[in-house]
Structure formats: structure tokens, C-alpha cells
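Chain and residue survey
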Amino acid sequence: MAYIYLLNLHEIIDKRLNEAKQGVDNVSNEPEKLRFLEGRIQALSEFKEFLIDNLNVKLPRRIRKQLKGQH
């Protein structure tokens with residue numbers, strides 16, 4: 001298994017979650033964009049939960065501990 005791929009995926013998801021959360025603050029007066037960003041946050045959060053529940057257990061223990069420390 002390519003562990004670096006999974007770790008990079010976590011980083012990308014975190015980056016996009018942060019961007020979407022910042023965008024929510026900026027578009028408070030535009031309901032369509034707000035709903036889009038809220039949906040994006042929900043989808044990214046669910047995908048991150050899936051990764052944590054199903055794939056993180058396959059990581060070596062040392063890397064898993066580092067990942068838990070970051071989140």
C-alpha cells in the first residue's frame with residue numbers, strides 16, 4: 001500500500017475543508033454559494049471519516065500515531 005498517497009489525501013482534504021470554511025464566511029449574503037460550500041464541507045467530512053474508519057487501520061502504527069496527532 002502506498003502510505004504516502006493516503007497521507008497526501010488527508011492533507012488535500014484538510015486544505016479543501018479549510019478553504020470551504022473560509023468561503024462560507026465570505027459568501028454569507030449569497031444563498032446558492034453558501035449551500036454549495038456547506039455541501040462541499042459535508043462531502044469532504046464524510047470522505048475523511050471513511051478514510052479514518054476504513055483505511056487508517058492499514059497504516060503502520062508509527063504513521064497512524066503521527067496522523068492522529070495532526071487531527
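Read on for an overview of the structure.

Rules behind the numbers
- Residues numbered from 1 in each chain as written.
- Predicted model: local features only at pLDDT ≥ 70, side-chain atom pairs only at ≥ 80, totals over all residues.
- Heavy atoms only, no water.
- Helix = DSSP H or I, 4+ residues; strand = E, 2+ residues; numbered from the N terminus.
- Buried < 20%, exposed > 50% of the residue type's maximum accessible area, 1.4 Å probe, protein only.
- Contact = heavy atoms within 4.5 Å.
- Expected span 1.5 Å × (residues − 1).
- Phe/Tyr/Trp six-rings, centres within 6.5 Å; stacked < 30°, edge-to-face > 60°.
- Core = buried A, V, L, I, M, F, W, Y, C linked by side-chain atoms within 4.5 Å.

Another point: the overall build of the chain. Each helix and strand counted, the chain has 3 helices and 0 strands in total. Start at the N end of the chain and walk to the C end: the helices and strands fall as α-α-α. In the chain, which comprises 71 residues, the proportion classed as buried is 24%. Sequence-distant contacts in the chain: of pairs separated by 6 or more residues, those separated by 24 or more amount to 66%.

Examined against the element boundaries, Asn-18 turns out to sit in helix α1 (residues 3-26). Placed 23 residues apart in sequence, Asn-18 and Ile-41 show a C-alpha to C-alpha distance of 8.9 Å.

Our focus in this paragraph is helix α2 (residues 31-54). Since the α-helix turns once every 3.6 residues, residues separated by three or four places project in the same direction. Look at α2: 34 Å from first C-alpha to last across 24 residues, which is about the 34 Å you get at 1.5 Å a residue. Along α2, the positions that sit buried rather than exposed are Leu-37, Ile-41, Leu-44, Lys-48 and Leu-51.

The subject of this paragraph is the packing of aromatic side chains. For any two aromatic rings, the description comes down to two numbers: the centre-to-centre distance and the angle of the planes. By the definition in use, this model includes 1 aromatic pair. Arranged with centres 6.5 Å apart and planes meeting at 15°, the rings of Phe-47 and Phe-50 form a pair that is stacked. Here Phe-47 and its partner Phe-50 are both found in helix α2, 3 residues apart, which amounts to about one turn of the helix. Looking at Phe-47, the relative accessible area reads 37%, which means it is partly exposed.

Quick look at the nonpolar core now. Formed by Leu-6, Leu-9, Ile-13, Leu-17, Ala-20, Val-27, Leu-37, Ile-41, Leu-44, Leu-51, Leu-59 and Ile-63, the largest nonpolar core amounts to 12 residues. At the level of secondary structure, the elements contributing two or more residues to this core comprise α1 and α2. Of all the elements, α1 adds the most residues to this core, at 5 residues. Leave out the neighbours within four places in its chain, and Leu-44 touches Ile-13, Arg-16 and Leu-17.

This part is about the environment of Gln-22. With respect to the helices and strands, Gln-22 occurs in helix α1. On the accessibility criterion, Gln-22 (52% relative accessible area) is exposed. Taking the C-alpha atoms as reference points, Gln-22 and Leu-37, 15 residues apart in sequence, are found 9.6 Å from one another.

A separate point is α1. In this model α1 runs 35 Å from its N-terminal to its C-terminal C-alpha over 24 residues, within 8% of the 34 Å that 1.5 Å per residue would give. When α1 is considered as a whole, its buried residues turn out to be Leu-6, Leu-9, His-10, Ile-13, Leu-17, Ala-20 and Gly-23.

Honestly, that's just the spatial picture; any functional story needs more than this.
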